[in-house]
Amino acid sequence: MATQTRSRVAKRPLNVVLRPSSPAEAAYRSAVLAPGFEPEPGLNLEFLGGRTLPDLTFTLVYLGRWDPTERRPLDRALPAAMTDPGLNDVLAQYFPGSVVSATFAGSHTHSATVPTRLDKPAVERLVAELDKSGALAGLDYSRSAVCLLPPRGVVLVEGDVSSEVGLGGYHGSVHVARGRRRRETVYYSVAVYSEGTNGIVAFDEPWKNVCATLYHELQEVRTDPDVEDAIRAGRSPAAAKLLGWYSPSAGEIGDIPIAETHGDVGLVMKEVRLADGSGTVPVQLLWSNRVGGPEGPASS
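Residues numbered from 1 in each chain as written. Predicted model: local features only at pLDDT ≥ 70, side-chain atom pairs only at ≥ 80, totals over all residues. Heavy atoms only, no water.

Draft legend 1. Focus on the overall build of the chain. A tally of regular secondary structure across the chain gives seven helices and 15 strands. Out of the 300 residues belonging to the chain, those deemed buried represent 51%. Contacts spanning at least 24 positions in sequence make up 73% of the contacts within the chain whose residues lie at least 6 apart. Accessible surface for the chain amounts to roughly 13700 Å². Of this, 52% is attributable to carbon and sulfur atoms. (Helix = DSSP H or I, 4+ residues; strand = E, 2+ residues; numbered from the N terminus. Buried < 20%, exposed > 50% of the residue type's maximum accessible area, 1.4 Å probe, protein only. Contact = heavy atoms within 4.5 Å. Areas by Shrake-Rupley, 256 points an atom, 1.4 Å probe, with all protein chains shown as cover.)

Printed below as a string of C-alpha cells:
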C-alpha cells in the first residue's frame, strides 16, 4: 500500500510572464500534486515523436446486455470529464500550441454474443466487425476512438493477465483494409465491468469504475495512440518513434499514477468536481510533468 504523506503544492520553475488573474496564470499557479505522493520527475513523460490526438472524437459501444440505469450516467459522466476545462488543463501541457478538445459521438449497443473470457484477438475482431457493418460510419478514424464496454461478468484478458487478477482495460489499434493497397487505423479502448474481484474497483458503483478506466484509456489514446504498432514492431529501431508521450522508465500517462499507488488505487481514482458546477465525475488522475506526479484539476 502507498505510504500516506502530507498534501503539498508542487510548482514548476517559471520562465514565463503571466497576466495576473488570467487563465494562463491559473494553470501555472494551481498545479497540485495529489495527496499521498512526492514529486518524482525522473518518471516524467517524454515526447518520442509519434502521433498525438489533441482533438479526439469517441463513441461508446455497449456489448451484450447493459442496464439503462448504468448506461445513462456513464453516457453523461465520461463526455463531461473528457470536455472539462480543469481536467483538460492537465492534458494541455502535452499539446503545446494546440487546443485540447473532445467530441462525444454518442453511444449504441452491439448485440453480438460476447465470450465469457474476452481476449485481445476477440476485441480486435469486434472492432473489425463494427467497421465492416457500418456501425462506425461517420467517424473520422484519424482522430477517433471506439470504446468497447463488455457486460457484467465478462473477464477481460490480455496476454497472460486477466481482469480476475487486476486488469482494468487497455487501448490499441486495428488496421482495416480499404481495397488492395490502402488501410485505415481504428483506435479503440476497452474497459471491463469492474466489481467484486473482477477489474479495478475504487468506487461504490460499477459504472463509475468503468468511467474512470475509460477516462484513463482515452487519455492514453490522446497522448500515445500508436503504442500497439510500437509493440508489434518489437525491437525494430522504428518502434520507439511510433510512441507519442511516454516515460521510458515508467510507461504511459495513466499507467504511471496507478503503479505509483502501490495498490492503493483510491489515491488516484477520484470523483472530481466539474468546472461548470454541474456535479462530479469519476476519473483517474493523470501523470503531470509540471508537478512530477498525479495531478488533479484546480476545481477538485
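Draft legend 2. Seen up close, the packing of aromatic side chains. Evaluated as defined, the whole model comprises six aromatic pairs. Taking 5.1 Å as the distance between ring centres and 70° as the angle between the ring planes, the aromatic pair formed by Y62 and W66 counts as edge-to-face. By the burial criterion, Y62 is buried, and W66 matches it. Plain terms: the ring middles of W66 and Y193 are 5.4 Å apart, the flat faces sit at 65° to each other, and that makes the pair edge-to-face. Of the two residues, W66 sits in the loop between β3 (55–63) and α2 (68–83) while Y193 sits in the loop between β10 (183–191) and α5 (206–223), which places them 127 residues apart along the sequence. The pair formed by W66 and Y193 is uniform in burial state, with each residue classed as buried. (Phe/Tyr/Trp six-rings, centres within 6.5 Å; stacked < 30°, edge-to-face > 60°.)

Draft legend 3. Summary view of the sheet that holds strand β15 (residues 293–296). Strands sit in the order β1-β15-β14 across an open sheet of three strands; the sheet is antiparallel. The open sheet is flanked by β1 (32–33) and β14 (286–288), the only strands paired with a single partner. (Pairing = 2+ DSSP bridges.)

Draft legend 4. Local environment of the sheet that holds strand β5 (residues 117–118). If you walk across this open sheet you meet the three strands as β5-β7-β8, and the pairing is mixed. Whereas interior strands pair on both sides, the edge strands pair on one side only; in this sheet they are β5 and β8 (161–162). In the sheet, strand β7 (residues 155–158) pairs with β8 via two bridges, with the strands oriented antiparallel. Within β8, the residue paired with V157 across the bridge is S162.

Draft legend 5. Quick peek at the nonpolar core. Formed by 56 residues in total, the largest nonpolar core has its most connected members in L78, L149, Y215 and V281. If we ignore the near neighbours within four places in the chain, the residues touching V281 are R76, A77, A80, A81, L87, K270, E271, V272 and L274. Formed by 24 residues, the second largest nonpolar core is a distinct cluster that contains V114, V123, V176 and V186. (Core = buried A, V, L, I, M, F, W, Y, C linked by side-chain atoms within 4.5 Å.)

Draft legend 6. Spotlight on the environment of R76. Its location among the elements puts R76 in helix α2. Considered as a pair, R76 and V281 are 205 residues apart in the sequence and their alpha carbons are 9.0 Å apart. Setting aside residues up to four positions removed in sequence, R76 forms contacts with L274, T280 and V281.

Draft legend 7. Looking closely at helix α3 (residues 85–92). Here α3 has its buried residues at G86, L87, N88, V90 and L91. Buried residues along α3 sit against α2, α5, β12 (269–273), β13 (280–284), β14 and β15.

Draft legend 8. Fine view of unusual backbone geometry. Even without being a glycine, H262 presents a positive backbone phi close to 50°. Mapping H262 onto the fold places it in the loop between α7 (255–260) and β12.

Draft legend 9. Representation of the packing of α2 against α5 within the structure. Packing of α2 against α5 brings their axes to within 10 Å, and their N-to-C directions diverge by 35°. Crossing hand, α2 versus α5: right-handed. Within the contact between the two elements, α2 uses E70, P73, L74, A77, L78, A81 and M82 and α5 uses P206, W207, V210, C211, L214, Y215, L218, Q219 and R222. Here the residues of the contact of α2 with α5 are counted per class, giving 13 nonpolar, one polar and two charged. (Axes fitted to C-alpha atoms, helices over the stretch in contact; angles between N-to-C directions. Left-handed = near helix turned anticlockwise from the far one by under 90°. Nonpolar A, V, L, I, M, F, W, Y, C, P; charged D, E, K, R; others polar.)

Function-wise, these values are silent; they only describe arrangement.
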